[in-house]
Amino acid sequence: MFLQDQWYVAGTRGEFGSTPLRRIILGKAVVLFRTPDGDVAALEDRCIHRQVPLSMGSVQEDGTLQCLYHGMKFDKTGKCRFIPEQTRIPQNAQVKTYAVAEHAEWVWIWMGDAAEADTSRIPAYPWFVREGWKARTGHLYVKCNYKFIIDNLLNMAHLPYVHPRTIGSEGVIKDAKVAVTRSGNNVRLARKMYDIEPPPTYKKAGGFEGNVNRWQTIDFMAPSSFEFHTGVIEAGHEPPLPGIDQPRSNARILDRHSMHSVTPETETTTNYFVGFAYDPEACPPDLAEFIFEQTFATFQEDVVLLEAQQANMDMMPGHKQLDIVSDAAGLQAMKVLEELESIRS
Ligand code: FES
Ligand SMILES: [Fe+2]
């Protein structure tokens, strides 16, 4: 039940080297590795001989992946290049491969027909490819369906309850100006909160004395990626427009660009990738680290809830859910996914 003809994050770029790495993506075992010429290859993690995981093998100097069991070698196109004790390599000695592309901090994988893999459909993440900018990335493994995480990231009403120690405060849900818009397969949730007390992380990181105006612009890009432009500015000053550089002013501001992308592993497990892009000129490394640590701790709080939600639904399946007003963006995203699923079936 997963959308195949889409780009998903397979992992962060630094994860892939000459040691083969097995990752389950959309219920399929994939082995990823980097060849000596620097390319990332993604093969089905199953030897065509006796089906052992190829990830148990090793990458050779010639860039082939050698199976640990009887030593057959496969190149990055999945073609067999060596079979012990025979010179003839059968035509059909071929392992399935997947299209991969490196963009920003991540390696992206297309689980459908490789001929359809159009790299222009990978989320652009402009803040992560900006000259001079740096990024901090993280990875969480969550025992829940990937759609629960999408629903979580599009309903900000959970912030004061789940994250009061970091990014949540009562002000988030008090008179927020909220707009939900859809454009193609993308959904934008834009929220502005005026003259509120800054939440703990922002108070500490930005040194705000008084109240702030806060904004959250969250762009969901089907099937499972997000771009977040969020922050706070001294009360009395208008938040920057979504995706635009902050206007030069003397107002104290904390302007943040982050990403989230979730890759289904199975129906009830998900690899969850996060990243935070920053301009080291404006945000010194220790401040960037502080913000990252605080937000990563925040996501871990979500993981506890998401796993409890999945466990509860597994125990008591088939119940209808009650939707509330703050679900609007999440429901739009689910509609986009349902439409894409119906095209496929
Ligand atoms: S199982 Fe891979 S070579 Fe035999
Ligand atoms: Fe959260």
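Residues numbered from 1 in each chain as written. Chains lettered and ligands numbered in written order. Predicted model: local features only at pLDDT ≥ 70, side-chain atom pairs only at ≥ 80, totals over all residues. Heavy atoms only, no water.

### Points about the coordination of the iron ion (ligand 2)
Step number 1: Distances from the iron ion (ligand 2) to its protein donors, namely His-158 (NE2), His-163 (NE2), Asp-302 (OD) and Asp-302 (OD), fall within the range 2.1 to 2.2 Å.
Step number 2: Between the four donor atoms coordinating the iron ion (ligand 2), the angles at the centre fall across 59 to 149°, so the site counts as irregular.
Step number 3: We note that the donor set of the iron ion (ligand 2) lies within a single chain, spaced as H-x4-H-x138-D. Pair noted here: His-163 is in the loop between helix H2 (159-162) and strand E12 (177-183) and Asp-302 is in helix H4 (residues 285-315), with a separation of 139 residues, a long-range link. Note on accessibility: His-163 and Asp-302 belong to one class, buried. (Donors = N, O, S within 2.8 Å, 3.2 Å for Na, K, Ca; no water. Tetrahedral: all angles 85-135°; square planar, octahedral: opposite > 155°, others 65-115°. Helix = DSSP H or I, 4+ residues; strand = E, 2+ residues; numbered from the N terminus. Buried < 20%, exposed > 50% of the residue type's maximum accessible area, 1.4 Å probe, protein only.)

### Quick notes on the sheet that holds strand E8 (residues 80-82)
Step number 1: A sheet is described by the order of its strands in space; here four strands give the open sequence E5-E6-E7-E8, paired in antiparallel fashion. In the strand order of this sheet, the two ends are held by strand E5 (58-59) and E8, each with one partner.
Step number 2: In terms of strand pairing, E5 meets strand E6 (residues 65-66) through two bridges, oriented antiparallel. If you follow Val-59 over to E6, its bridge partner there is Leu-65. (Pairing = 2+ DSSP bridges.)

### Some details on the packing of aromatic side chains
Within a pair of aromatic rings, the relevant descriptors are the distance that separates the centres and the angle that separates the planes.
Step number 1: This model, assessed by the stated rule, comprises twelve aromatic pairs.
Step number 2: Arranged with centres 6.2 Å apart and planes meeting at 35°, the rings of Trp-108 and Tyr-125 form a pair that is tilted. Taken together, the positions of Trp-108 in strand E10 (residues 106-110) and Tyr-125 in the loop between E10 and strand E11 (134-142) put the pair 17 residues apart, joining distant regions of the chain. Each member of the pair, Trp-108 as well as Tyr-125, is classed as buried.
Step number 3: The side chain of Lys-73 reaches across the aromatic face of Phe-82, ending 5.3 Å from its centre. (Phe/Tyr/Trp six-rings, centres within 6.5 Å; stacked < 30°, edge-to-face > 60°. Lys NZ or Arg CZ within 6 Å of the ring centre and 35° of its normal.)

### Section: the packing of helix H1 (residues 146-153) against H4
Step number 1: Where H1 meets H4, the closest approach of the two axes is 10 Å, and the angle between their N-to-C directions is 130°. With respect to their mutual orientation, H1 and H4 come out oblique. Relative to H4, H1 is oriented so that their crossing is right-handed. Two secondary-structure elements touch here, H1 through Phe-148, Ile-149 and Asn-152 and H4 through Asp-302, Leu-306, Gln-309, Gln-310 and Met-313.
Step number 2: Split into classes, the residues belonging to the contact of H1 with H4 amount to four nonpolar, three polar and one charged. (Axes fitted to C-alpha atoms, helices over the stretch in contact; angles between N-to-C directions. Parallel < 35°, antiparallel > 145°, perpendicular 65-115°, else oblique. Left-handed = near helix turned anticlockwise from the far one by under 90°. Contact = heavy atoms within 4.5 Å. Nonpolar A, V, L, I, M, F, W, Y, C, P; charged D, E, K, R; others polar.)

### Points about the domain arrangement of the chain
Step number 1: In terms of domain boundaries, the chain breaks down into domain 1 (7-121) and domain 2 (126-344).
Step number 2: The centre of domain 1, based on its C-alpha atoms, is set 33 Å off from the matching centre of domain 2.
Step number 3: Counting residues at the interface gives 17 residues for domain 1 and 18 residues for domain 2.
Step number 4: Between domain 1 and domain 2, roughly 1,300 Å² of surface is buried when both sides are summed, and carbon and sulfur atoms account for 68% of that area.
Step number 5: On the domain 1 side of the contact with domain 2, Tyr-8, Val-9 and Trp-106 bury the most area, a combined 38% of that side's loss.
Step number 6: If you look at where domain 1 meets domain 2, you find zero salt bridges.
Step number 7: Applying the counting rule to domain 1 against domain 2 returns three residue pairs in polar contact (both at pLDDT 80 or more). (Domains from an automatic or database assignment. Buried area = accessible area lost by both parts, 1.4 Å probe. Salt bridge = Lys/Arg side-chain N within 4 Å of Asp/Glu carboxyl O. Polar contact = N/O pair within 3.5 Å; in protein donor to acceptor, adjacent residues only side chain to side chain.)

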